[in-house]
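# Structural overview for review
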Amino acid sequence: MALRESMAAARQRRKFRIRKTVIGTPERPRLSVYRTNSHIYAQVIDDSAGHTLVAASTLTDGLQHEGHKGNVDAAVAVGKLLAERALAANVKQVVFDRNGFLYHGRIKALADAAREGGLDF
């Protein structure tokens with residue numbers, strides 16, 4: 001049990017260290033990614049106004065019936081959907097916030113899919 005607590009504490013330390021420098025502005029909002037074992041969530045946030053501009057996750061209506069949600073394919077689908085919605089909301093540039101997670105696997109797949117979808121970061 002202590003190992004799980006130390007892993008969570010390490011992620012929190014990484015998260016706070018990242019958030020000191022990564023700040024979303026109206027011109028360049030923050031793309032925040034959160035993952036669980038079952039799902040992945042992403043949202044584009046304007047920190048100065050405190051509003052979420054665009055959001056997508058594996059729980060989104062268009063993605064709910066495509067199979068398992070905790071894999072790289074689901075992360076790619078969420079990244080493409082998020083990029084499509086962000087471009088529709090006139091957001092072209094974002095700052096990537098990996099939220100303390102390692103830039104590997106599903107986090108990297110979502111970021112690459114968002115880049116391919118037209119977002120610049």
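Owing to the predicted nature of the structure, the values given are computational and were not obtained by experimental measurement.

### Quick word on the overall build of the chain
Each helix and strand in the chain was counted, giving three helices and four strands. Order of helices (α) and strands (β) in the chain, N terminus to C terminus: α-β-β-β-α-β-α. Viewed in the frame of its principal axes, the chain has a C-alpha envelope of about 45 × 35 × 20 Å. Within the chain, buried positions represent 40% of all 121 residues. A separation threshold of at least 6 residues defines the contact pool for the chain, and within that pool the share at least 24 residues apart is 60%.

### Some thoughts on the side chain of Asn-99
Along the chain, Asn-99 falls in the loop between strand S4 (95–97) and helix H3 (106–116). Overall, the relative accessible area of 8% leaves Asn-99 in the buried class. Within the structure, Asn-99 has its side chain in polar contact with the backbone oxygen of Val-33 (distance 3.3 Å). Residues in contact with Asn-99, not counting those within four places in the same chain, are Arg-11, Lys-15, Ser-32, Val-33 and Tyr-34.

### Things to note about unusual backbone geometry
Phi at Asn-90 takes a positive value of approximately 65 degrees, unusual for a residue other than glycine. Relative to the elements of secondary structure, Asn-90 occurs in the loop between helix H2 (72–88) and S4. With a relative accessible area of 59%, Asn-90 lands in the exposed category. Positive phi, close to 60 degrees, is recorded for Asn-99, a residue that is not glycine.

### Some words on the sheet that holds strand S1 (residues 30–35)
In space, the four strands of this open sheet follow the order S3-S2-S1-S4, with mixed pairing throughout. If you trace the sheet from one side to the other, it starts and ends with strand S3 (51–57) and S4, each paired once. This sheet shows a mean twist of 20 degrees between the axes of neighbouring strands, independent of strand direction. Note: S1 against strand S2 (residues 40–46), six bridges, orientation antiparallel. When the sheet's bridge partners are listed, Arg-35 is paired in S2 with Ile-40. Each of S1, S2 and S3 is contacted by H2, which is oriented at about 145 degrees to S3, the strand it contacts most.

### Examining the layout of surface pockets
One number sums up the size of the largest pocket: a volume of about 430 Å³. Met-7, Ala-8, Arg-11, Arg-35 and Phe-101 are, among the twelve residues lining the largest pocket, the residues nearest its centre. Looking at the lining of the largest pocket, the elements with two or more residues in it are helix H1 (2–19) and S1. Here the lining of the largest pocket is built from residues that sort into five nonpolar, three polar and four charged.

### Here we look at the confidence of the model for the chain
Chain-level statistics for the chain give a pLDDT mean of 92 and a share of 94% at 70 or above. By mean pLDDT, the top-scoring element of the chain is H3 (98), and the lowest-scoring one is H1 (85).

So, how was this worked out
Residues numbered from 1 in each chain as written. Predicted model: local features only at pLDDT ≥ 70, side-chain atom pairs only at ≥ 80, totals over all residues. Heavy atoms only, no water. Helix = DSSP H or I, 4+ residues; strand = E, 2+ residues; numbered from the N terminus. Buried < 20%, exposed > 50% of the residue type's maximum accessible area, 1.4 Å probe, protein only. Contact = heavy atoms within 4.5 Å. Polar contact = N/O pair within 3.5 Å; in protein donor to acceptor, adjacent residues only side chain to side chain. Pairing = 2+ DSSP bridges. Axes fitted to C-alpha atoms, helices over the stretch in contact; angles between N-to-C directions. 1 Å grid on protein atoms, 1.4 Å probe; cavity = no way out; pocket = protein on both sides within 12 Å on 5 of 7 lines; lining within 4 Å. Points joined across faces, edges and corners; volume = space filled by probe spheres on them. Nonpolar A, V, L, I, M, F, W, Y, C, P; charged D, E, K, R; others polar. pLDDT = per-residue confidence, 0-100.

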